[in-house]
Amino acid sequence: MRLFAGFFLVSTAGCDGFFGKNDPGAAKVKPENGGTKVEDDEWSMVPVPPADGPKLAPVAMVVPVLPKPDKQAAPIGYLRVGARVSRSVEPVSRRDCPDGWYAVRPVGFVCAGAEATIKLDHPIAKAITTEPHRDWAMPYRYAFTRAIAPNYLRVPSKDEQFQYEMRLERHLRNWSKLRESWDDLTVGANDVPLDEAGIAVDKIPEHAKPLDQSERFGGNGEDAVPWWLVGERRIPNLSSFRAPPYAVIANRVKRHTGVALIGTFVAGPEAQNRRFAISTDGRMLPADKLKADSGSPFHGHSLRDIGLPAAFARKAGATWWDLKEGQLEKGERLGWREFIPLTGTVKMLHGFRMVEAKNGRWLKSSDLKTAAKPSQLPSWAKKGTKWIDLSIVSQTLTLWEGDRPVYVTLVSTGKDGLGEPGKTLSTPRGTFRVYQKHITTTMDSEVADHEFELRDVPWVMYFKGGYALHGAYWHDDFGRVRSHGCVNLAPIDARFVFMWASPEVSDHWHAAYASDATEQGTLVHIHP
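Calculation notes
Residues numbered from 1 in each chain as written. Predicted model: local features only at pLDDT ≥ 70, side-chain atom pairs only at ≥ 80, totals over all residues. Heavy atoms only, no water. Disulfide = S-S within 2.5 Å. Helix = DSSP H or I, 4+ residues; strand = E, 2+ residues; numbered from the N terminus. Buried < 20%, exposed > 50% of the residue type's maximum accessible area, 1.4 Å probe, protein only. Pairing = 2+ DSSP bridges. Contact = heavy atoms within 4.5 Å. Axes fitted to C-alpha atoms, helices over the stretch in contact; angles between N-to-C directions. Polar contact = N/O pair within 3.5 Å; in protein donor to acceptor, adjacent residues only side chain to side chain. Phe/Tyr/Trp six-rings, centres within 6.5 Å; stacked < 30°, edge-to-face > 60°. Lys NZ or Arg CZ within 6 Å of the ring centre and 35° of its normal. Expected span 1.5 Å × (residues − 1). Bend = angle between axes of the 7 residues up to and from the residue. Salt bridge = Lys/Arg side-chain N within 4 Å of Asp/Glu carboxyl O.

Time to look at the state of the cysteines. Applying the stated criterion across every chain, the model contains one disulfide. C97 shares a disulfide with C111; S-S distance 2.1 Å. The sign of the S-S torsion, about 105°, decides the handedness of the disulfide formed by C97 and C111: right-handed. A residue pair is termed long-range when its members are at least 10 positions apart, and C97 in the loop between strand 4 (85-86) and strand 5 (101-103) and C111 in strand 6 (residues 109-111) qualify at 14 residues. Across the pair, exposure class does not vary: C97 and C111 are buried alike.

A few words now on the sheet that holds strand 23 (residues 386-391). Pairing in this open sheet of six strands is mixed, and the strands run 15-25-24-23-32-26 from one edge to the other. With partners counted over all chains shown, the strands left at the sheet margins are strand 15 (301-302) and strand 26 (430-433), one partner each. Pairing of strand 15 with strand 25 (residues 404-410), which is carried by two bridges, proceeds in the antiparallel orientation. In the sheet register, H301 faces strand 25, and the bridge partner there is V408. Strands in contact with helix 4 (residues 491-500) are strand 23, strand 24 (396-401) and strand 25; relative to strand 24, the strand with the most contacts, it is inclined by about 30°.

Checked against the element boundaries, R314 lands in the loop between strand 16 (310-313) and strand 17 (319-324). In this structure the side chain of R314 is engaged in a polar contact, spanning 2.9 Å, whose partner is the side chain of D477. Non-local contacts of R314, meaning those with residues more than four positions away in its chain, are made with W336, R337, D367, L368, K369, L410, D477, F478, G479 and R480.

Below, the discussion takes up the packing of aromatic side chains. When we look at a pair of aromatic rings, we describe it by the centre distance and by the angle of the planes. In the structure shown here, the tally under the stated rule is 15 aromatic pairs. Aromatic pair Y435 and Y462: ring centres 6.2 Å apart, planes at 45°, arrangement tilted. Of this pair, Y435 sits in the loop between strand 26 and strand 27 (436-443) while Y462 sits in strand 28 (residues 454-464), placing them 27 residues apart in sequence. You'll find Y435 and Y462 in the same group, each marked buried. Both rings, one in Y473 and one in W474, keep their centres 5.1 Å apart while their planes meet at 85°; by these two values the pair is edge-to-face. Assigned by exposure class, Y473 and W474 land together as buried. One aromatic cluster is present, formed by Y142, F144, Y473 and W474 through successive ring pairs. Residue placement shows K126 over the ring face of W227; its charged tip is 5.0 Å from the ring centre.

Now for the environment of P503. Structurally, P503 can be placed in the loop between helix 4 and strand 31 (511-513). A relative accessible area of 0% means that P503 is categorised as buried. Placed 423 residues apart in sequence, P503 and R80 show a C-alpha to C-alpha distance of 18 Å. In this structure, P503 is in contact with V434, K437, A512, Y513, A514, T518, E519, Q520 and G521, ignoring residues within four places of it in sequence.

This next bit is on helix 3 (residues 168-182). The terminal C-alpha atoms of helix 3, which comprises 15 residues, lie only 16 Å apart, well short of the 21 Å expected from a rise of 1.5 Å per residue. Helix geometry: helix 3 is bent most strongly at S176, by close to 55°. By the burial criterion, the buried members of helix 3 are L168, H171, L172 and W175. Lining the buried residues of helix 3 we find helix 2 (158-164).

Within this structure, the stated rule accounts for 19 salt bridges. Across the salt bridge formed by D183 and R146, the nearest N and O atoms sit 3.6 Å from each other. One end of the pair, D183, is in the loop between helix 3 and strand 10 (249-253); the other, R146, is in the loop between strand 8 (141-145) and strand 9 (149-152), with 37 residues separating them in the sequence. R146 matches D183 in its accessibility class, with the two residues each being buried. As a salt-bridge pair, D476 and R337 come within 2.7 Å of each other at their nearest N and O atoms. Taken together, the positions of D476 in the loop between strand 29 (467-471) and strand 30 (487-489) and R337 in the loop between strand 18 (327-333) and strand 19 (339-349) put the pair 139 residues apart, joining distant regions of the chain. By relative accessible area, which is 41% here, D476 ends up partly exposed.

With that settled, the discussion passes to the pairing of strand 29. Across the five residues that make up strand 29, a large majority, five, are buried. Burial along strand 29 is two-sided: the face carrying Y467, L469 and G471 and the face carrying A468 and H470 are both buried. Relative to strand 29, strand 28 runs antiparallel, the two sharing three bridges. What sits directly across from K464, in strand 29, is Y467. Once strand 28 ends, the chain turns through two residues before running back antiparallel as strand 29, passing G465 with a positive phi of about 50°.

A few words now on helix 4. Burial of helix 4 is extensive: nine of the ten residues sit out of reach of the surface. Within the sequence span of helix 4, burial applies to P491, I492, D493, A494, R495, F496, V497, F498 and W500.

This part covers the environment of S86. Position of S86 relative to the elements: it lies in strand 4. Since its relative accessible area comes to 5%, S86 is described here as buried. Spatially, the C-alpha atoms of S86 and D52 are 7.1 Å apart, while their sequence positions differ by 34 residues. Residues in contact with S86, not counting those within four places in the same chain, are P49, P50, A51, D52, G53, P54, K55, A103, V104 and R105. In terms of polar contacts, S86 uses its side chain to reach the backbone carbonyl oxygen of A51, at 2.9 Å.

Here it is as structure tokens:
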């Protein structure tokens, strides 16, 4: 599947990074060294704001961070409403920015004004205070619309609900009867315990429980109407859909649209006591038209103490086999997508290609998705260089640090396999670099494998034009081709790869672009 990265998506990427060899490199400063001088560039001498310094708040969904205080400069990333980023005490310039350009941590400059403010009591900054949760596999709470629903801008009255929601009386009647089954939710990706590096260390605990009605929609248990929605809407529309100030709704969402949520409340009797959920752009959806989703708990495994080859069971009915006196004896069934370290020994036994596991038992090669040990490593596999190896045939992704494999998992690439990208729904093959990373971004319905719009797709890493590696919260089919060309990862794996790969997305940023001002993107090698 192919993603669209808002205002800053470009069509090609190369090994020289997002800007190419002529990047201005204006603010090549790092927190650890206090600033690296770039010849003939005064902006490189601006100190890095301390972490405990004054803050700047973005008040728009996309607030570009530039390498120098110049609106003509190409962005090196962006901030999103809800964040607070450390800034310089005073503006470093006011050129084309009356409210002032501020240096932000750890690099770059932001223009204060319509999209960002140093006044933390600004209505938008006070109203929207939720950032994506970087320590969660799914950085927001997610849900799918179970029916066409309006994106409300303010709390609608009963009459307005009936005006904007088709067949509402029938829907509410059915929901009241079937809500227990409609609202059923299982534990998922965010319930899997992770270590400090983000690697899953155990299964979901037995005591884990599904989120309650408040938590599943981004709430904290307090169901009161937020101050900025009491009586009237007290902040402007933040979404990309333009609506007049008096509007009740700002567009509708189709059935099965995926949404990310940051809050919820229960309205009063004048609004039928309905629960509403707040999306990341400050619009509202009726919670009775949402089906909360917890994401796949599947995940890959560390290879640091195991190495390659390794495999995942990916065929129904697959079993262990024991070799006794030259005869194969069938053993117990393998768990679905069970992880199996292999020795590399292969034998043809009774007409089957069999592979040996490190526990001394055997498996049919055809029952597995195997990450093989390469016979020869590429030239860049040295000195700890991070690179991503992806096999379309085996649907496996392996992370490498130089000549050492460190992590492996299953993915879902383009549904047309080894077809020609652009003409078919296939993943491009070749060697690329990650050139943009977004904690979340929205996927257009015309190119999604899901048929409908998917908002705030998590852990997105673009490597060629609109092609990306990213988390997929809408399916649990990893190990089989199914996308429109992008590389789908389970949420736990997507987060791990995102945090491991470069360029780093700094604290309180929402995206970073590979550049001289940030760092070069990680290599991505995709082959049959």
